[in-house]
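For reference, the chains in residue letters:
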Amino acid sequence: MSPATIDRFRRFVLPGLAFKAVVIGGGYATGREIAEFFLPAGPWGGLLAILLATLIWAVVAAATFSFAHAARAQDYRTFFRALLGRGWILFEVAYAIFLILILAVFGAAAGEIAAATFGAPPIAGTLALMIGIAACVAFGNAGVERVFVWVSALLYGTYAVFLILALSGVGDRIAAAFAMSPPPQGPWALGGITYAGYNIVGAVVVLPVTRHFRSGRDAVTAGLIAAPLAMLPALLFFVSMTAFLPDIANAVLPSDYILSRLGHPVFHIIFQVMILGALLESGTGAVHAVNERILHSGSRRITLSPAVRALAALALLVPCMLLAERIGLVTLIASGYRALAWVLIAIYVLPLLLLVAYRRIRGTAHQPETL
């Protein structure tokens, strides 16, 4: 690619790939989150919930990137000091809880996949993921960005093949599910808002990759692009899952449930490897954000060697992922994420949108009238 193309890719697409990387781990990639938040509303209600969540992501990501660019914030600590002042510590506490939850989910998912696909002990999958994340974050921004790009290529390609196989194998059942589904009913909007609420924190987590922005317009454009980039795989997955309602709603690993019934053993293994890749990039993004927060923790920027970055990552991963040995994947997602969603909406989404709206209104009020 030409230098100009690479530059545009870094400014407009890379933040979206990074955002997708953070939100797709664990429950999203395995389909468990989709089953939890979208399937209860049925095919049409679930689609509306997905569209609502995408809209929320687009608005908040655009506002986040724009505010961060204006505040010159490329880590979440600097961002929340600018947004909340002394209240920035509230997000620090919430993010610590978020990390414990998601890293435990990632470790549990890796263990489930290792056992279901390769017949290995679950702890082997968890340990392999921990080592992989530590290796990826060791090389800083450049190494992490390469992970986002290459795993994204694997992920989008795999989901495209997955949809083709689903349509060719159970396309009639998918069509029947939508044809026989009643109009959207029940709390479909609540599912979309809740799912968007705790995942939108990914827009703050990926601030290190926004260093390529040249203007506020770049930031807004990248935020609007990030939402559909992140939600597209979920949409493809959801459509395929409707063919297996209602039984799939209770599956611990909906991806494994579908692939076992489609009957493509080689692709089944490829898909599980892709999920491991999704867990790797999600965990890498979340842990890298902590390393960047450490870099900006004082008045003077410090330097972290690859060895220190890796050791810091392991110090975070070991206690969090060991929780996965005692708590099931479904329990983690169902009990922990819903409460966290509303906390993040209260201390991040609402203050950000109110501040952006206030600045917009004040700026408009101070503009001279034109004839």
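This text gives an overview of the structure that appears in the document. All chains use their own residue numbering, which begins from 1 and follows the written sequence. Since the coordinates come from a predicted model, pLDDT governs what is reported: local features require at least 70, and pairs of side-chain atoms require 80 or more to be given and counted, while whole-chain, interface and lining totals use all residues. With hydrogens and water stripped out, all remaining heavy atoms of the structure feed into the side-chain values.

Right, let's get into the pattern of salt bridges. A pairing counts as a salt bridge when a side-chain nitrogen of Lys or Arg comes within 4 Å of a carboxyl oxygen of Asp or Glu. Within the structure shown, the criterion is met by eight salt bridges. As a salt-bridge pair, Lys20 and Glu281 come within 2.8 Å of each other at their nearest N and O atoms. One end of the pair, Lys20, is in helix 1 (residues 3-23); the other, Glu281, is in helix 13 (residues 265-295), and 261 residues separate them in sequence. For the pair Lys20 and Glu281, one class covers both residues: buried. With its nearest N and O atoms 2.4 Å apart, the salt bridge here joins Arg211 to Glu145. Of this pair, Arg211 sits in the loop between helix 10 (202-205) and helix 11 (216-241) while Glu145 is found in helix 8 (residues 140-180), placing the two residues 66 residues apart along the sequence. Exposure is judged per residue with a 1.4 Å probe applied to protein chains only, and the accessible area is read against the type maximum: over 50% gives exposed, under 20% gives buried, and values in between give partly exposed. By relative accessible area, Glu145 is classed as buried at 10%. A single salt-bridge network, built from bridges that share partners, covers Asp7, Arg11, Arg214 and Asp218. Each helix corresponds to a stretch of at least 4 residues labelled H or I by DSSP, and each strand to a stretch of at least 2 residues labelled E; elements are numbered beginning at the N terminus.

Turning next to the packing of helix 5 (residues 76-84) against helix 6 (residues 88-118). Axis definition: a line fitted to C-alpha atoms, over the contacting stretch in the case of helices. Angles run 0 to 180 degrees between N-to-C directions. The contact between helix 5 and helix 6 brings their axes to 8 Å, and the two run at 140°. Comparing their axes, helix 6 and helix 5 come out oblique. Every residue of helix 6 that contacts helix 5 at Tyr76, Arg77, Phe80, Arg81 and Leu84 is listed here: Trp88, Phe91, Glu92 and Tyr95. Of the residues belonging to the contact of helix 5 with helix 6, the class tally is six nonpolar, no polar and three charged. An angle below 35 degrees is read as roughly parallel, one above 145 as roughly antiparallel, one from 65 to 115 as roughly perpendicular, and any other as oblique. By definition in these notes, contact holds between two residues if any of their heavy atoms fall within 4.5 Å. Throughout, the ten residues Ala, Val, Leu, Ile, Met, Phe, Trp, Tyr, Cys and Pro are labelled nonpolar, Asp, Glu, Lys and Arg are labelled charged, and all others, Gly among them, are labelled polar.

Counting residues in hydrophobic clusters, the biggest one holds 115 residues, and the most contacted among them are Trp57, Phe79, Tyr95 and Tyr348. A total of 14 residues in this core trace back to one element, the largest contributor, which is helix 6. Leave out the neighbours within four places in its chain, and Tyr348 touches Val60, Thr64, Phe79, Phe80, Leu83, Ile200, Val201, Ala203 and Val204. For this analysis, a nonpolar core means a set of buried residues of the types Ala, Val, Leu, Ile, Met, Phe, Trp, Tyr and Cys, connected via side-chain atoms within 4.5 Å.

Moving on, we come to the environment of Leu322. Tracing the sequence through the fold places Leu322 in helix 14 (residues 306-322). Taking the C-alpha atoms as reference points, Leu322 and Arg77, separated by 245 residues in sequence, lie 26 Å from one another.

Each pair of aromatic rings taken from Phe, Tyr and Trp, with Trp reduced to its six-membered ring, is defined by centres within 6.5 Å and is described as stacked if the planes are under 30 degrees apart, edge-to-face if over 60, and tilted in the remaining cases. Scanning the entire structure with this criterion turns up 22 aromatic pairs. Both rings, one in Tyr76 and one in Tyr95, keep their centres 4.8 Å apart while their planes meet at 50°; by these two values the pair is tilted. In this pair, Tyr76 sits in helix 5 while Tyr95 sits in helix 6, placing the two residues 19 residues apart along the sequence. The burial state of Tyr76 is the same as that of Tyr95; both residues are buried. Following the ring pairs from residue to residue traces out a cluster consisting of Phe67, Tyr76, Phe79, Phe80, Phe91, Tyr95, Phe98 and Tyr348. Cation over ring: Arg77 sits above Trp88, and NZ or CZ is 5.0 Å from the ring centre. When the ring centre of Tyr257 is taken as reference, the NZ or CZ atom of Arg261 above it lies at 3.6 Å. In this scheme, Lys NZ or Arg CZ marks a charge over a ring once it lies within 6 Å of the ring centre and within 35 degrees of the ring normal.

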